[in-house]
Amino acid sequence: MSNRGEQALLKQSTILMLAVAIAGIVTGFVSGSQSILFDGFFSLIATFIKVLMLITAKLIAKESNHRFQFGFWHLEPMVLLIEGSFLMLIAIYAFLNGVFGIINGGRDIELGLVIIYAAVFTVVEFAYFFYVRRRNRKLKSSLIQFDNISWLVDAMLSVGLLISFLAALLLKSQGYGQWAVYVDPLILIVLALTMLPPAFKILGPALRDVLGIAPDTLDDQVRQVMDAAKTEHGFDDYVSYVQKHGRARFIEIHVVLPADYALSNVGQLDALREEISAKLGKPDAARWLTISFTGDKKWIA
């Protein structure tokens, strides 16, 4: 399976996110802004996650081997689960940091520098988010799709920072400097709360895949196809199993034929397999389909 486009985009995303992380951490230390520093550390963690995604994409492109006979598809939801968990943890940390910042009397920061930082990276991060989303319409990669969430979150962080710092600047200019010191910790709290929905969006599907929960949509599709095939071809019974790991779909179908089923040759069974396969959708490298036929129900139990 070739996924060079996916790998190239992940590599590009990783390098750019590392640059954003370094800029955020440096600006946070210089300006004294905890929210900017938080943004930088978020970007740094996102960089490490992107490295894991790049490694996963390379492994998925490899052929299966004796140790991993079904390939490396299972790594994809595991990486996404790690990303979602990190997002959740960093959101909790940011929320607590913001609360303690308010309790301790706020923070005085260098507004000029942080406003420039927030404005520049708002433009850069939103531009890259829309660029990746457009590229992924052709690639249709779930890794890219979930990876791009980190760019959307980062862009939202930058917008929040920009608006809040402009508000703090306005407060200072109007003689309300004593309230401006609370802007930085308040931003942290708001940003933490806005990060929770993206974290759940990643965690939900990834956790289902890691736990091996059957995807309802795929299960319903298989059952509809097999119910129709059972009626049309006079099968006695069938049982089906489905599972999903990342983009990989595993489908196993066992069909019970009646004792008097008119079977002239093995090619007739292959023709039935082709028919069922076609009705399940166009085959691709991420679909593992097994269809077996038997005359004894004990083999489908």
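What you are looking at is a predicted structure, and each value in this text was computed from that prediction instead of being measured.

Q: I would appreciate a short explanation of the packing of helix α2 (residues 34-60) against helix α7 (residues 183-211) in the present structure.
A: The packing of two helices is summarised by the inter-axis angle and the distance between the axes. Axis separation between α2 and α7 bottoms out at 8 Å; the angle between their running directions is 35°. Contacts from Gln34, Ser35, Phe38 and Phe42 of α2 reach α7 at Asp184, Ile187, Leu188, Leu191 and Met195. A breakdown of the residues in the contact of α2 with α7 according to their chemical character gives six nonpolar, two polar and one charged.

Q: Got a minute to help me understand the pattern of salt bridges in this structure?
A: Oppositely charged side chains may form a pair once their charged atoms are brought near each other. Counted according to the given criterion, the structure contains six salt bridges. When the shortest N-O distance is used, the salt bridge between Glu232 and Lys279 registers 3.4 Å. Of this pair, Glu232 sits in helix α8 (residues 216-233) while Lys279 sits in helix α9 (residues 266-279); the two residues are 47 residues apart in sequence, bridging distant segments of the chain. Since its relative accessible area comes to 43%, Lys279 is described here as partly exposed. Linked by salt bridges that have partners in common, Glu232, Glu275 and Lys279 make up one network.

Q: Please explain the UniProt feature "transmembrane region" (unreviewed entry) in the chain as it appears in this structure.
A: Mapped onto this structure's residue numbering, the UniProt feature "transmembrane region" (unreviewed entry) falls at residues 12-30, 36-57, 78-103, 109-131, 151-170 and 176-196. Regarding residues 78-103, the helix share stands at 100% and the strand share at 0%, and the terminal C-alpha atoms are separated by 38 Å. Helix and strand shares over residues 109-131 are 91% and 0% respectively, and the end C-alpha atoms of the span are 33 Å apart.

Q: When you look at helix α4 (residues 111-139) in this model, what are you seeing that I'm missing?
A: One turn of an α-helix holds 3.6 residues; hence residues three or four places apart share an orientation. Over its 29 residues, α4 runs 41 Å from end to end, which matches the ideal 42 Å to within 8%, given 1.5 Å per residue. Among all positions in α4, only Leu111, Val114, Ile115, Tyr117, Ala118, Phe121, Thr122, Glu125, Tyr128, Phe129, Val132 and Asn136 are buried. Looking at the packing, one finds that the buried side of α4 touches α1 (4-31), α2 and α5 (142-173). The first or second residue beyond α4 is Lys140, which carries a positive phi of 55°.

Rules and cut-offs
- Position labels on residues start from 1 in each chain and follow its written sequence.
- Where totals are concerned, whole chains, interfaces and linings use all residues; where local detail is concerned, this predicted model gives features only for residues with pLDDT of at least 70, and gives and counts side-chain atom pairs only at 80 or more.
- Calculation of side-chain values draws on the structure's entire complement of heavy atoms; hydrogens and water are dropped beforehand.
- The convention used is that axes are lines fitted to C-alpha atoms, helices contributing only their stretch in contact, and that angles between N-to-C directions extend from 0 to 180 degrees.
- The helix count covers DSSP runs of H or I at least four residues long, the strand count covers runs of E at least two residues long, and both are numbered beginning at the N terminus.
- Contacts are assigned to residue pairs that have any heavy atoms within 4.5 Å of one another.
- Gly falls in the polar group here, along with every residue not listed as nonpolar (Ala, Val, Leu, Ile, Met, Phe, Trp, Tyr, Cys, Pro) or charged (Asp, Glu, Lys, Arg).
- Each reported salt bridge corresponds to a side-chain nitrogen of Lys or Arg within 4 Å of a carboxyl oxygen of Asp or Glu.
- Any residue under 20% of the maximum accessible area for its type is buried, any over 50% is exposed, and the rest in between are partly exposed; the area is computed with a 1.4 Å probe on protein chains only.
- UniProt positions are given in the numbering used here, feature names are shortened, and annotations may be inferred rather than shown by experiment.
- The span expected for a helix works out to 1.5 Å for each residue beyond the first.

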